[in-house]
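The lines below spell out each chain.
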Amino acid sequence: MSEYVAEHVQDGPGVRTPNGVLRGALKDGVASFLGIPYAQAPVGALRFRAPEPAEPWEGIREATAFGATAPKRPYAPPLDALLPDPEVAGDHCLNLNVWTPWPAAGPGDGGRAVMVWIHGGSLIHGSSAVPVYDGTAFARDGVVLVSVNYRLGIEGFGVFPDAPANLGLRDQIAALTWVRENIAAFGGDPDRVTVFGESAGAISIAALLASPLAKGLFRRAVIQSGAPSARSIDVARRTTEAIAARLKVPATAEAFAGVDPERLLAAQTAVTGKGNPVLSGHAFHIVVDGDVLPDHPGDLLADGASADVELLMGTNTDEYRLWFVPGGHTERVGSLAQRFLLRKGRISPRVAKVYREGRPQEKPGEVLGVLAADKLLRIPQNMLADYRLAGRTAATYLYEFGWPLPVLGLRACHALELGFVFDTLDLPETRALTGPDAPRALATAMHAAWVAFAKTGDPGWRPWDPARPVMTFGPGVPSLVEAPREAERRAWEI
C-alpha cells in the first residue's frame, strides 16, 4: 500500500505512489491527476492477455491530461450528437483519473470516502475522458473520485480458445486493486470504496459483486440502468466468430493479434453496428468463464455473494427511448412486428397482455420498448433486491429517475441521469442530451444522495423492505413511492 505523501511539486499538487511521483492540476480547491497507468499497455506480447501491473517511472510524471482511450469507434448517428465520446490516441489505455479535495486528507484524518466510476457504452464505446464524468463536484463535496478506462470490444470481451476471457473485467479488477493499494496517497480511505457505473458499467459492477477475484476491493456499489447479466462462452463466442469470418482469419487470439487495429475495428463495427441493447443483434458480453465468474452473476448474488456490500440501484422511466426514438422504432413497429419481437425476446403473451391493457393509448413500439427494458433492467433489479432482503444482507436501496426531457421525444431515457449524478449540467457535452433547461435542484438532490451513500451507506431514504420503496427523482421534489407499477411487476412472477 502506498505511503501517504501529498505535497506541492514545483507548480502543481504532487502525490508520491510506489511507481513514482505524479504532478496534477489544481483548481478551486480540487486537485486532478489524469491518465495514471494502473497496468501496462496491452500491446505486443500483452495483447489479449490479462493486465500486468504498471511499471515505475523516474522523475515527476505529468498527470494533467487524459490518457489514451481504448480502441473504439464513435456512436453511430444520431446518437453521436447526444453522447459525446472523445478519443485520445495512444497504446497505454489502461489508465485512470483521480479528483481529490486539496489539501488531501492526511493519515490522521482517516481518509475520505472513495468512488470509482466504471463507464458504460455497450462494452464498445465510452471512456473516462467523457466530459459528463468530470469528478470535480464529487471532490468538491469531500469524495475522492476515480474514473477508469478498460479494454473494449474484441480486445476486452472477445472469446478465444487461446486467451483469457473477460479481459475488460480483469482490467477493472486491476484498477480496483490499484485503488486499494494507492488511494491513501490521494487522501482516500481504501476501506470506504464505492464502485458505481451505468449501463455496461453497471452490468460490469454486478459481475464484480459476484466475482471471487473482486472480493474485498469495495464496500459499496451503485448499479445505474444495469443488472446481473452474462452469457455462456459458447454463446458469446458467436460475435468473435462473426468478426473472424469478416476478416477471413481463424477465431483465435493469435490470429487477431496479427490484424491491424483499424481493420479490426472496422470489422467489429460492421458486425455489431446494427444491434442495440433492446432489439439485440451481435454484441459483446461478460461471460461465465469459471475464473472471474464461476457462474451467472445473478445466481451467485442470489446465493449470497457480496452479502456484506451495501447496494444502491435503479433505472430510468423511459430507458428504451434512447434507442427507439432516434431510430424511429416507436413509429415503425406495428402489432405484427411487436408480436414477432416479443416471441424472439421470449416474453409471454400473458405478460404482454398486462402491459397492453395498462397502456391502451401507447403505440405497439412503445409497449414493446417498456417490456424489453423491464425484462432487461427493472425486473432483474427487483428480483435481486428481493433475494438480498430474504438473505438478510447489507441494505439495498432502489431509485427511479423520471425527469422527462421536454425535447427530442426522449423523455427519461437511458443515460439521461448521468449529468445529474455527476452534477455536470453546465457542461455543453452534458447539454447535448439534457438540453439547456434541466433542473439544477434535481441534480443537487441526486448528486447529494450518491455522495451520502458513498460516505455513510445511506442515500437518504428507506432501504428495500416488503413494501418495496423506490425513491423517484422526477419533476418536483424527489419522493418515496411504494411498489410502483406493481401489477406489471407481478405479471412476471405468475
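Our subject is the structure that appears above.
Since the structure is predicted, the reported quantities are computational estimates derived from the model, not experimental observations.

**Q** How would you explain the nonpolar core if you had to name every residue and give the values?
**A** Counting 81 residues, the largest nonpolar core has Tyr38, Phe186 and Phe218 as the members making the most contacts within it. Residues in contact with Tyr38, not counting those within four places in the same chain, are Pro53, Ala54, Leu94, Asn95, Leu96, Val148, Asn149, Tyr150, Asp171, Ala174, Ala175 and Trp178. One finds Trp323, Tyr355, Phe420 and Leu442 within the second-largest nonpolar core, a separate group that totals 62 residues.

**Q** Tell me about the packing of aromatic side chains, and name the residues and values.
**A** Inspection of the entire model under this criterion finds 23 aromatic pairs. Judged by centre distance (5.7 Å) and plane angle (70 degrees), the ring pair of Phe138 and Phe196 falls under edge-to-face. You can see Phe138 sitting in helix α2 (residues 136-140) and its partner Phe196 sitting in strand β10 (residues 188-198), a full 58 residues away along the chain. One exposure class covers both Phe138 and Phe196, and it is buried. Centre to centre, the rings of Tyr150 and Phe157 are 6.5 Å apart; their planes meet at 90 degrees, and the pair counts as edge-to-face. The residues Tyr150 and Phe157 share a single accessibility class, namely buried. The lysine or arginine in question, Arg61, covers the ring of Trp57, its NZ or CZ lying 5.2 Å from the ring centre.

**Q** Give a detailed account of helix α6 (residues 233-247), specifying residues and quantitative values.
**A** With 15 residues, α6 should reach 21 Å at 1.5 Å per residue; the first-to-last C-alpha distance of 21 Å fits that figure. By the largest-angle criterion, Thr239 marks the main kink of α6, which is about 30 degrees. Residues of α6 that are buried: Ala236, Thr239, Thr240, Ile243, Ala244 and Leu247. If you follow the buried residues of α6, they end up packed against α3 (153-157), β12 (231-232), α7 (253-257), α8 (261-272) and β13 (287-288). Taken from the residues just after α6, Lys248 is the one with a positive phi, measuring 60 degrees.

**Q** Tell me about the pairing of strand β2 (residues 12-17), residues and numbers included.
**A** Consecutive side chains along a regular strand alternate between the two faces of the sheet. Across the 6 residues of β2, 5 count as buried, placing the element largely inside the fold. Sheet analysis places β2 next to strand β3 (residues 20-23), joined by 4 bridges and oriented antiparallel. For Val15, the partnering residue across the bridge sits in β3 and is Leu22. Remark: 2 residues form the turn of the hairpin made by β2 and β3, two consecutive strands paired antiparallel.

**Q** So what's going on with the side chain of His125? Residues and values would help.
**A** Looking at where His125 falls in the secondary structure, it is placed in the loop between β8 (112-118) and α2. A residue is classified by how much of its surface remains accessible, and His125, at 11% relative accessible area, is buried. A polar contact is formed between the side chain of His125 and the backbone oxygen of Arg73, at a distance of 2.9 Å. Every residue in contact with His125, bar those within four places of it in the chain, is listed here: Lys72, Arg73, Pro74, Tyr75, Asp85, His119, Gly120 and Leu152.

**Q** Please set out helix α13 (residues 349-358) residue by residue, giving values where relevant.
**A** Buried within α13 we find Val351, Ala352 and Tyr355. Around the axis of α13, the buried residues are gathered within 95 degrees of arc, so they sit on the same side. Among the exposed residues of α13, those oriented more than 90 degrees off its buried face are Pro349 and Glu357. At its buried positions, α13 is contacted by α12 (335-344), α14 (364-390) and α18 (486-491).

**Q** Now, about the side chain of Ser127: what can you tell me, with residues and values included?
**A** Tracing the sequence through the fold places Ser127 in the loop between β8 and α2. Within the structure, Ser127 has its side chain in polar contact with the backbone nitrogen of Ala129 (distance 3.0 Å). For Ser127, the residues in contact, after removing those within four places along its chain, are Thr69, Lys72, Asp85, Pro86, His119, Tyr133 and Asn149.

**Q** Explain the sheet that holds strand β14 (residues 310-316) to me, using residue names and the numbers behind them.
**A** Two orientations exist for strands paired in a sheet by backbone hydrogen bonds: parallel and antiparallel. One open sheet holds the 11 strands; their spatial order is β4-β5-β7-β9-β8-β10-β11-β14-β15-β16-β17, and the pairing between them is mixed. Two strands in the sheet have a free side with no partner beyond their single neighbour: β4 (25-27) and β17 (479-482). Adjacent strand axes in the sheet meet at a mean angle of 20 degrees, parallel and antiparallel pairs treated alike. Here β8 runs beside strand β9 (residues 144-148); their pairing, made up of 5 bridges, is parallel. Bridged to Ile118 within β9 is Val148. The sheet strands contacting α14 are β11 (220-224), β14 and β15 (396-401), and the helix crosses β14 at an angle near 160 degrees.

**Q** Can you tell me about unusual backbone geometry, naming the residues and giving the values?
**A** A cis amide bond links Pro77 to the next residue, Pro78, at an omega of 0 degrees. Here Pro78 is to be found in the loop between β6 (60-62) and α1 (79-82). In the segment running from Trp102 into Pro103, the intervening peptide bond is cis, with an omega of 5 degrees. A positive phi angle is found at Leu123, which is not glycine, with a value near 65 degrees. Mapped onto the secondary structure, Leu123 falls in the loop between β8 and α2. Not every positive phi belongs to a glycine, and Ala415 is a case in point at roughly 80 degrees. Summarising the element assignment, Ala415 is placed in the loop between β15 and α15 (418-421). With a relative accessible area of 8%, Ala415 lands in the buried category.

**Q** Requested: an account of the environment of Leu213, with residues and values cited.
**A** Note on placement: Leu213 falls in the loop between α5 (200-210) and β11. Put simply, Leu213 and Asp291 are 78 residues apart on the chain and 8.1 Å apart in space, counted from C-alpha to C-alpha. Apart from residues lying up to four places away in sequence, Leu213 is in contact with Ile173, Asp291 and Val292.

**Q** Lay out the packing of α13 against α14 in plain terms, naming residues and giving numbers.
**A** The contact between α13 and α14 brings their axes to 10 Å, and the two run at 120 degrees. Regarding the angle of α13 to α14, the classification is oblique. Considering the relative orientation of α13 and α14, their crossing is right-handed. Contacts between α13 and α14 involve Val351, Ala352, Tyr355 and Arg356 on the former and, on the latter, Val367, Val370, Leu371, Asp374 and Arg378.

How each quantity is defined
- Residues numbered from 1 in each chain as written.
- Predicted model: local features only at pLDDT ≥ 70, side-chain atom pairs only at ≥ 80, totals over all residues.
- Heavy atoms only, no water.
- Core = buried A, V, L, I, M, F, W, Y, C linked by side-chain atoms within 4.5 Å.
- Buried < 20%, exposed > 50% of the residue type's maximum accessible area, 1.4 Å probe, protein only.
- Contact = heavy atoms within 4.5 Å.
- Phe/Tyr/Trp six-rings, centres within 6.5 Å; stacked < 30°, edge-to-face > 60°.
- Helix = DSSP H or I, 4+ residues; strand = E, 2+ residues; numbered from the N terminus.
- Lys NZ or Arg CZ within 6 Å of the ring centre and 35° of its normal.
- Expected span 1.5 Å × (residues − 1).
- Bend = angle between axes of the 7 residues up to and from the residue.
- Pairing = 2+ DSSP bridges.
- Polar contact = N/O pair within 3.5 Å; in protein donor to acceptor, adjacent residues only side chain to side chain.
- Arc of directions from axis to C-beta.
- Axes fitted to C-alpha atoms, helices over the stretch in contact; angles between N-to-C directions.
- Parallel < 35°, antiparallel > 145°, perpendicular 65-115°, else oblique.
- Left-handed = near helix turned anticlockwise from the far one by under 90°.

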